[in-house]
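These are the residues of each chain, in order.
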Amino acid sequence: MGAMTDQSSSRPGPPAVPPDADAAARIASLRPLLLPRSVAVVGASRDPAAIGHRILAALVEGRFQGRVHPVNPRADAIASVPAHPSVSEIGRPVDLAVIAVPAEHVPAAVEDCARAGVRALIVISAGFAEVGPEGRARQDRLLAQVRAHGMRTVGPNCLGVINTDPSIRLNASFAPAMPPPGRVALCSQSGALGVAVISLAHRLDLGISTFVSIGNKADVTGNDLLEFWEGDAATDVILFYLESFGDPRRFGRLARRTGRRKPIVVVKAGRSGAGTRAASSHTAALTSPDAAVEALVRQAGIIRADTLEEMFHVALALEHQPVPSGRRVGIVTNAGGPGILCVDALEAWGLIVPELDPATRRSLSERLPAEASVANPVDMIASAGPEEYRHAITTVLGSPDVDATVVLYTPTGVHDTEVIARGVLEGVDEARRRGATAKPVLASLVGTRADIPALHSPGGEVIPVFLFPEEIAAALGRLARYGEWLRTAPGSFPAFPDQDLAGAGRICRAALERRGDGWLSVGEARSVLEAAGITTTAGGVAATAEEAVRLADEVGYPVALKLASIRIVHKTEVGGVRLGLEDPEAVRSAFDEIRGTLVEMGRAGDMEGVLVQPMLSGAAEILIGAQADRLFGHLIAFGLGGIHVEVLRDVSFRVAPLTDRDAEEMTAEIRGSRLLEGYRGHPAADVEALRETLLRVSTLVEEVPQIEEMDLNPIFALPPGEGIRVADARIRVASSRSGGASAGRGEPGGPDDAGSRPPRAPGEEGSPGAS
């Protein structure tokens, strides 16, 4: 990217996947929008304060390389450009029309554009879905209108579109200025933030290839733009500011593929929810409003930033520097304090500041003062000048012990910043000549003026400059995670021929027909798991005390009795669990006590019986769950079970369908993963069986979309090689999901998910056998 295309182009990953016919048509439909040869401004005005005038001025002053046509029935010319009463009277082909008229006049403007053969629209006008039900209806009519004419539309309620390509120079927006040209594409859902984003790009000297403010995204969405930018030769890095997802499953599939060649950085607003619903299952209670988004970005290799500034910091590093091949960082500084702060910040992001090898330390000592520290950080002391910086950077960047280098400079009054900058650049150039081409370099000029966004070397390299070391750590930490995702082989979707998913579906649909939406009975839930090939504990449901004794005799004492009820979900809250029962009399007594408690509560009719199970000990207790999301499909959860789940909330999430790689990561990334390996007397667990169970649950909920919630808790994970046993299973079904695995229909402008398991193009991550 940028000046270092020789390094960035070596990023591992598959070649671009040739688009199929539908994708090629969608991409081609965006060309008049992003690469127009002529633009009409509908609502162009002579009033300098009017949006229509500002858009016209932006096109003219930005030196658009095509024809510009103001449209205003009451003006012969605007800003010295001949005007036309309507688009259809321009008399020349128009690729793109920018509509900036009141909402009630937009339909007439669209019809006029259709008569003129316009192929793409940008509807700047507000007053649509963002203002309430009436506006939503108006927007629905607009979408139907443009689709009937085969046009593509950005907006409504948007800032506009910018393309900095010198052969186009399109500023079809009311932004005050064009951003600096570059190779970073940016999509913003917020028009108001668009102006701030462009201003920030100027301040940080971030080069933009294309900027699109999608507004209400009635037609063109982030998914469409991602598909376009995947094959765009002018774009190397892709940024998104999103307030909502329309079709996250499609976004995830595109991102998995695109991210192998071009990094994707996302700021997703709305991490917290004002009112999470009261949850009836552990999985639902643990699923925060942001859990699905976080799971999606992890699976798809998306780099997530918390703020716009963080997004731009990451983009600066990606545009100009290679992705690190590891987490080891070398630090070169002239002040100990900033060096220590930098170490703390880097380690907080999971990066490593290793001690340098003896040969590197000897080389550093040859030209640094005796008082300098040559461990890591390399503290050259306050008197360090350009020659010391040049030598230290050349040496550290070339060390086999580091994957990236951070350069810190704190002014001491001994040398000018510009002189030090030359030494830094010379050191980097020398290290590159010696072969250290795959290691990023980031700098912080601590305490200097904030308007030095980058250092430009004579060899063409750009080194991003950050105000504080903590900003470097955040950017470098995210790049390191992305590098690890790139280096990890894509996963595959294992098949389980022994699963009877059709049978599981019949059980769920039969329950819906009998009782409607709600929880399956204990027997039904155990039958669904049996059909899915998921092992439950021995035992069964007893309707009477004598049946409970018979089952206890069969499975062997001691046993556990648990209330079986489709209405009472949390059994412990009504005294519905009895453990360690040693003989038939204890079983009879426990059955009668559970029934008696419910009689006293007036809930005797809620008792189907009790589940009788053998007691298991010495096994790890695990939770695996599934929670349906209207847009994302099913969210799969994994964590420590039993009493730990609500106290520790140590849970990992992914979006179904899971690959074998997803299952491996989920079992490894919880904080309690060491317990599964065996820790200080805690027995090791059959982790492979847990991963297989995750994959079986994923396949089950994908193929049986009626499953709304599922809690398998606790699952007893036996020692390695002995498998797992599900002790308690709760499954809720809902008819509202019977139409497909993803209840959220596709974003306007993109296809809905077809079928439960998404089709994958050759080379796309997750294709069978890809691992």
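Quick caveat, the model's predicted, so the values are computed rather than measured.

**Section: the pattern of salt bridges**
Side chains that carry opposite charge are capable of pairing whenever their charged atoms lie near each other.
In step 1: Throughout the structure, instances matching the rule amount to 46 salt bridges.
In step 2: The salt bridge partner of R203 is E309, with a shortest N-O separation of 3.0 Å. Placement of the pair is R203 in helix α6 (residues 191–204) and E309 in helix α11 (residues 308–320), with a sequence separation of 106 residues.
In step 3: What makes E309 partly exposed here is its relative accessible area of 32%.
In step 4: The network of salt bridges with shared partners includes D290, E294, R298, R304, R654, R661, E665 and E669.

**Remarks on helix α19 (residues 545–555)**
In step 1: Taken together, the buried positions of α19 are A545, A548, V549, L551 and A552. Projected down its long axis, α19 carries its buried residues within an arc of 165°, all on one side.
In step 2: Packing partners of the buried residues in α19 comprise β22 (540–542), β23 (559–564), α20 (584–600) and β25 (609–614).
In step 3: Just downstream of α19 lies G556, where phi reads positive at about 95°.

**Considerations on the packing of helix α17 (residues 501–515) against helix α18 (residues 522–531)**
In step 1: Direction vectors running N to C along α17 and α18 enclose 155°, while the axes themselves pass 8 Å from each other. Judged by the inter-axis angle, α17 sits roughly antiparallel to α18. In the crossing of α17 with α18, the sense of the turn from one axis to the other is left-handed. Here A504, I507, C508, A511, R514 and R515 of α17 lie close against α18, whose contacting residues are E524, S527, V528 and A531.
In step 2: Classifying every residue of the contact of α17 with α18 gives six nonpolar, one polar and three charged.

**Focus on unusual backbone geometry**
In step 1: In this model, N376 is joined to P377 through a cis peptide bond whose omega is 10°.
In step 2: Here the amide bond leading from N713 into P714 is cis, since omega sits at 5°, within 30 degrees of zero.
In step 3: In this structure, P714 sits in strand β29 (residues 707–717).
In step 4: Here the phi dihedral of A79 falls at roughly 55°; this positive angle occurs in a residue that is not glycine.
In step 5: Within the secondary structure, A79 sits in the loop between β3 (77–78) and β4 (81–82).
In step 6: Accessibility expressed as a relative area gives 46% for A79, which makes it partly exposed.

**With respect to the environment of Q613**
In step 1: Mapping Q613 onto the fold places it in strand β25.
In step 2: Q613 sits 56 residues away from Y557 along the chain, and the two C-alpha atoms are 9.2 Å apart.
In step 3: Ignoring any residue separated from it by four or fewer positions in sequence, one finds Q613 in contact with R526, T537, A538, V555, V559, A560, K562, V726 and A727.
In step 4: Of the polar contacts made by the side chain of Q613, one reaches the side chain of T537; its length is 2.6 Å.
In step 5: Reaching out from Q613, the side chain makes a polar contact with the backbone oxygen of A727 at a distance of 2.5 Å.

About the thresholds
Residues numbered from 1 in each chain as written. Predicted model: local features only at pLDDT ≥ 70, side-chain atom pairs only at ≥ 80, totals over all residues. Heavy atoms only, no water. Salt bridge = Lys/Arg side-chain N within 4 Å of Asp/Glu carboxyl O. Helix = DSSP H or I, 4+ residues; strand = E, 2+ residues; numbered from the N terminus. Buried < 20%, exposed > 50% of the residue type's maximum accessible area, 1.4 Å probe, protein only. Arc of directions from axis to C-beta. Contact = heavy atoms within 4.5 Å. Axes fitted to C-alpha atoms, helices over the stretch in contact; angles between N-to-C directions. Parallel < 35°, antiparallel > 145°, perpendicular 65-115°, else oblique. Left-handed = near helix turned anticlockwise from the far one by under 90°. Nonpolar A, V, L, I, M, F, W, Y, C, P; charged D, E, K, R; others polar. Polar contact = N/O pair within 3.5 Å; in protein donor to acceptor, adjacent residues only side chain to side chain.

Taken by themselves, the reported measurements are silent on function.
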